[in-house]
Amino acid sequence: MTVHDLLTTGPKTVSPPPPLGRGRKRAAHAYDAALDDAELAAARTALAQGRWQTARSLLARTGDEWDRRGHRVTVLAREQYCVPWTRDWLLAEPDSADAAVLLALAQVQRALRGKEKPPRAREACHAAAALAPADPTPWLGLLMLEKALGAEPEVRRLFAEVRGRYADHHHAHHLMIARLAEHQSGTGTDPLHEVYDFANAAAERAPADSPLAVLPVIAHAERYRVLAAAGHEPRDAAASGHWTGRRARQVMRAAFDWWLEWEQEGHPRRLIDLNFLAHAKVCEGRGAEAAALFHRIGEHATPSPWSYPDRDPYPAFRTARDTALGTA
């Protein structure tokens, strides 16, 4: 598929009129995928109003900061009108790799919502990858799609494609852990499950200042999600022994100690890790440590892992935070 095909394949899309506002009301407790990235939030608002030039400038400034680029493209791609506005961008700049990547991930998002045919999203990702061979982001889009829809060999192949371009890709590792955690969903307690080995190995080979050090905590939470959904753990995470065994305590302590010494506060997805770590400390019954994390998180809650296995995440977050901070 060429850039021309991206613009012409399928039914013609008429660019929507600019909405008067965001186009939908955001509840006071709504989650914001942009987290604390104010520039990203501004570009998303502009894109929703048809001003794609702001997104263009944002991605140009982001350059090859691959974790930040992946985060920003993924958030922009979720916008309702991202596809038509990005097609307008590509009409103006047919050789823009940034526009092609954004359009590809927007089509992936639509495919995941059942509003786009997966083959078309895959073709768009491959077209974007051809325009930006060093960029892991088109492959991240393919990994997101196949993590939900694909067979295991293809998921592993795409993860390798991402790592071949950026070995410490944060989002890709989270996707892979979520997928691996779903293996053997019908079994009970399993301290030797492969997801733990994967997370430990990735954390050990990452640089000392990499947030991948928290991956063992992510693996523990994702495995809890699967076990609780299968009925092998209580649906109330705080009542589950999953978080209080010897191995769990070691994992949580190592991750918390690493966070206390971590000086890289600018990572674009660090608040996702902090939510996982705060959740783990709540489940472990370590209220003081949880409180320190909640102070850093502020209002930047994330649906995962507070929703695990099938809870309303915002009340779960607020209850845990208020209890830890003594404001309940």
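Scroll up to find the structure this text is about.
Below, the structure is looked at part by part.

Quick notes on the rules
- Residues numbered from 1 in each chain as written.
- Predicted model: local features only at pLDDT ≥ 70, side-chain atom pairs only at ≥ 80, totals over all residues.
- Heavy atoms only, no water.
- Core = buried A, V, L, I, M, F, W, Y, C linked by side-chain atoms within 4.5 Å.
- Buried < 20%, exposed > 50% of the residue type's maximum accessible area, 1.4 Å probe, protein only.
- Helix = DSSP H or I, 4+ residues; strand = E, 2+ residues; numbered from the N terminus.
- Contact = heavy atoms within 4.5 Å.
- Salt bridge = Lys/Arg side-chain N within 4 Å of Asp/Glu carboxyl O.

## As for the nonpolar core
A general tendency of soluble globular proteins is for nonpolar side chains to be buried together. Core analysis: the largest hydrophobic core is formed by 94 residues, its most contacted members being L76, L102, I177, V217, W243, W259 and F294. Examining the composition of this core, we find that 10 residues originate from one element, helix α6 (residues 97-112), more than from any other. Contacts of F294, omitting those with residues within four sequence positions, involve A278, V282, W306, F317, A320, R321, A324 and L325.

## A look at the pattern of salt bridges
Opposite charge on two side chains lets them pair, provided their charged atoms get close. Under the criterion given, the structure shown has 27 salt bridges. Of the charged contacts, one joins R122 and E146 as a salt bridge, the two residues approaching to 2.4 Å between their closest N and O atoms. Here R122, found in helix α7 (residues 118-131), pairs with E146, found in helix α8 (residues 137-149); they are 24 residues apart in sequence, far enough to count as distant. Residue class for R122 comes out partly exposed when judged on its relative accessible area of 26%. Among the residues examined, E146 registers a relative accessible area of 5% and is labelled buried. The residue D322 makes a salt bridge to R321 at a minimum N-O spacing of 4.0 Å. Each member of the pair, D322 as well as R321, is classed as buried. Several salt bridges converge on common partners, so that one network encompasses R253, D257, K281, E284, R286 and E289.

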